[in-house]
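Results of the structural survey
Chain residues, written in single-letter form:
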Amino acid sequence: MLQKLSSRKFLTALLGVASGLAMIFGVDEQAVTQVAGAVTALASVVSYIFAEAKVDAARK
């Protein structure tokens, strides 16, 4: 379950829904873009950490 929640595809879909809702409710477009960029960067780092942890665990 954790693997599915941390997948880049799921996080991208979630980000798309969140940014769409933010636009509907009138949040500033620049703020939406900045938050989307930050979440995308964070998701990449978290995915990398989980992937490396899985590889390291398989080596032992």
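Residues numbered from 1 in each chain as written. Predicted model: local features only at pLDDT ≥ 70, side-chain atom pairs only at ≥ 80, totals over all residues. Heavy atoms only, no water.

Things to note about a nonpolar patch on the surface
Quick reminder of the rule: Here a patch means residues that are over 30% exposed by relative accessible area and free of salt bridges, tied together within 9 Å if like-charged and within 5 Å if nonpolar (Val, Leu, Ile, Met, Phe, Trp, Tyr). Here the accessible surface of atoms and residues is derived via Shrake-Rupley with a 1.4 Å probe, and residues count as covered only by protein chains that are part of the display. Just to be clear on terms, a salt bridge is a Lys or Arg side-chain nitrogen sitting within 4 Å of an Asp or Glu carboxyl oxygen. A run of DSSP states H or I qualifies as a helix once it reaches four residues; a run of E qualifies as a strand once it reaches two. Both are numbered from the N-terminal end.
Nonpolar side chains collect at one region of the surface, where Val17, Leu21, Ile24 and Phe25 lie side by side and expose about 470 Å² of accessible area between them. Assignment of secondary structure puts Val17 in helix α2 (residues 8–24).

Topic: the pattern of salt bridges
Inclusion rule: Burial classification: accessible surface area is computed with a 1.4 Å probe over protein chains only, and a residue below 20% of its type maximum counts as buried, one above 50% as exposed, and the rest as partly exposed.
Under the counting rule described, the total for this entry stands at one salt bridge. Among the ionic pairs, Arg59 bridges to Asp56, the shortest N-O distance being 3.8 Å. With Arg59 and Asp56 both in helix α3 (residues 29–59) and three residues apart, this pair spans about one turn of that helix. Given a relative accessible area of 67%, Arg59 falls into the exposed group. Among the residues examined, Asp56 registers a relative accessible area of 35% and is labelled partly exposed.

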